[in-house]
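Working through the structure, step by step
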Amino acid sequence: YLEPLDEYMQKSPPEVWDPNAADVLRPFWEMYCKFDGKVYALPIDGDVLMLMYRKDLFEHPEERAAFKEKYGKELAAPETWDDWLQIGEFFTRPRGATLAGEVLTENFYGSAEFAKRGFSFAWFANRWAPFGEPYFDENMTPMVNSPNAVKGLQNMVDTLKNSPPDVLGYGYDELRDAFLKGYVAMVVQWTDVPKKGADPTQSAIAGKIGYGRVPGWEVDGKVEHRSMMPVGRVVGVAKSSANKDAAYWVAKHVSYDTSLENVSTPLTGLDPYRTIHFENPQAYAMFPSDAEALEYLKGVEAAMSDGYPEILIPGAAQYQDSLDLHVNMALTGQQTPQQALDAVAKEWDEITERLGRETQIALWRKSLVTYEALGLIK
């Protein structure tokens, strides 16, 4: 269906044809724009998940002292998913309790999740991918029910006790609002949320947001972080296009020429993905200063460097919908994490058989080459 773009990218003059691929952050370029060594798409949106937290609460002297007394260590942004649970427990408080020197008029929660059907699989995968296990082995045997994957899903289930009671209905909008309206201490969300969070007309916590890497797990003595890249819009040229040159030029124009304008506004929902997007903090005018914009951009860049892809072979939507369904069943207590992921592994095998195992193996092995080149798997 798609026209390979490599020849178009080499045409002259470069200012018309060159999409400046070297400017795109590598995980996004290699995983979302290329397949089997060929370019098929140009990026227009650097979707990746990042950690954001209430900097004012984490830096408050009374909260820091209380945390150290309770846990014997300094209060800081969570480095691991165990830290996430601990900090979430610490900040979860009922109405009438004191938080940062003020009496709460509403319940306050340590964390929240994207927990409803749609993308809950990505919030689980953040907790599995750091172990270096891909979705399938080289023969398309699912790895999704490994002990490490079960550990990750159990962590997600456990975090619900530190979340708002209606969190199982949280999608993008609800998760964004819970954080920006000041009911939650920390979330993992798409990187466009802080642009809205800097606007006092949309946010009750403008100027109070800190940024960090999505938590990880200690593996072989080092904490490994992975940050899911769900959606990640790209544009391409249809193989059946009547005017491929013009179609390519429009794709290049949006991907590069107008890209800084497109990602630096809170109106589009598009996220940074190019070096030029990170080197021009003055373009992000919703932040009160270039320094605050730069702090945000450094957080986004760190998240992108940890970027981990969705499944990117035929059947991806079927595989991911199966995973999303059973993640939800674990979150609602209908299945244990082990039961949920065993069910996913069984359904993934069935999907692979329907689509043709040999074909799927051949395509998946090509994807694994890129995974290995990016250091995403062990």
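Since we're looking at a predicted model, the values are computed, not measured.

Quick notes on the rules
Residues numbered from 1 in each chain as written. Predicted model: local features only at pLDDT ≥ 70, side-chain atom pairs only at ≥ 80, totals over all residues. Heavy atoms only, no water. Helix = DSSP H or I, 4+ residues; strand = E, 2+ residues; numbered from the N terminus. Buried < 20%, exposed > 50% of the residue type's maximum accessible area, 1.4 Å probe, protein only. Salt bridge = Lys/Arg side-chain N within 4 Å of Asp/Glu carboxyl O. Contact = heavy atoms within 4.5 Å. Expected span 1.5 Å × (residues − 1). 1 Å grid on protein atoms, 1.4 Å probe; cavity = no way out; pocket = protein on both sides within 12 Å on 5 of 7 lines; lining within 4 Å. Points joined across faces, edges and corners; volume = space filled by probe spheres on them. Nonpolar A, V, L, I, M, F, W, Y, C, P; charged D, E, K, R; others polar. Axes fitted to C-alpha atoms, helices over the stretch in contact; angles between N-to-C directions. Parallel < 35°, antiparallel > 145°, perpendicular 65-115°, else oblique. Left-handed = near helix turned anticlockwise from the far one by under 90°. Pairing = 2+ DSSP bridges. Phe/Tyr/Trp six-rings, centres within 6.5 Å; stacked < 30°, edge-to-face > 60°. Lys NZ or Arg CZ within 6 Å of the ring centre and 35° of its normal.

On to the environment of A65, then. You can see A65 is positioned in helix α5 (residues 61–71). Exposure remark for A65: the relative accessible area of 46% places this residue in the partly exposed category. Placed ten residues apart in sequence, A65 and L75 show a C-alpha to C-alpha distance of 8.4 Å.

With that settled, the discussion passes to the pattern of salt bridges. Oppositely charged side chains can form a pair if their charged atoms are brought close together. Inspection of every chain in the model, using the stated rule, returns 25 salt bridges. Between E30 and K34 there is a salt bridge, and its shortest N-O distance comes to 3.3 Å. Between R357 and D349 there is a salt bridge, with the nearest N and O atoms lying 3.1 Å from each other. One salt-bridge network, in which partners are shared between bridges, spans D45, D47 and R233.

A separate point is the side chain of S367. With respect to the helices, strands and loops of the structure, S367 is situated in helix α17 (residues 357–373). Given the relative accessible area of 7%, S367 is considered buried. Non-local contacts of S367, meaning those with residues more than four positions away in its chain, are made with F35, L312 and I313.

Over its 16 residues, helix α15 (residues 316–331) runs 22 Å from end to end, which matches the ideal 22 Å to within 8%, given 1.5 Å per residue. With twelve of 16 residues buried, α15 lies mostly within the body of the structure. Where α15 is concerned, the buried positions are A316, Y319, Q320, S322, L323, D324, H326, V327, N328, M329, A330 and L331. Looking at the buried side of α15, the elements it contacts are α7 (120–128), α8 (147–159), α16 (337–355) and α17. The first or second residue beyond α15 is G333, which carries a positive phi of 80 degrees.

What follows covers the layout of surface pockets. Computed from the structure, the largest pocket encloses a volume of approximately 740 Å³. If you trace the largest pocket, you find 28 residues lining it, with L2, K34, F35, Y40 and L312 closest to the centre. Counting residues per element, the lining of the largest pocket draws most heavily on α17, which supplies six residues. Residues belonging to the lining of the largest pocket are distributed by class as follows: 18 nonpolar, five polar and five charged. In this structure, the second largest pocket occupies an estimated 350 Å³ of space. Around the second largest pocket, the lining comprises 16 residues; the ones closest to its centre are L99, E102, L104, F108 and G182. Elements with a contribution of two residues or more to the lining of the second largest pocket: α4 (55–58) and β6 (102–103). Taken together, the residues that form the lining of the second largest pocket break down as seven nonpolar, four polar and five charged.

What follows concerns the packing of α5 against helix α6 (residues 81–91). One way to put it is that α5 packs onto α6 with a least axis distance of 11 Å and a crossing angle of 120 degrees. Viewed along their axes, α5 and α6 adopt a mutual orientation that is oblique. Judged by the sense of rotation from one axis to the other, the crossing of α5 with α6 is right-handed. Across from E63, A66, F67, K70 and Y71 in α5, the residues of α6 making contact are Q86, I87, E89, F90 and F91.

Note: strand β10 (residues 216–219) against strand β11 (residues 222–225), four bridges, orientation antiparallel. Counterpart to G216 in the pairing with β11 is H225. The turn joining β10 and β11, which pair antiparallel and follow one another in sequence, is formed by two residues; a positive phi near 55 degrees is taken by D220.

Quick look at the packing of aromatic side chains now. One pass over the full model with this rule turns up 33 aromatic pairs. An aromatic cluster of at least three residues, connected via ring pairs, comprises F124, W128, Y135, F136, Y308, Y319, W348, W364 and Y371. In this structure, R127 packs its charged tip against the face of W81, placed 3.9 Å from the ring centre. Residue placement shows K151 over the ring face of W217; its charged tip is 4.4 Å from the ring centre.

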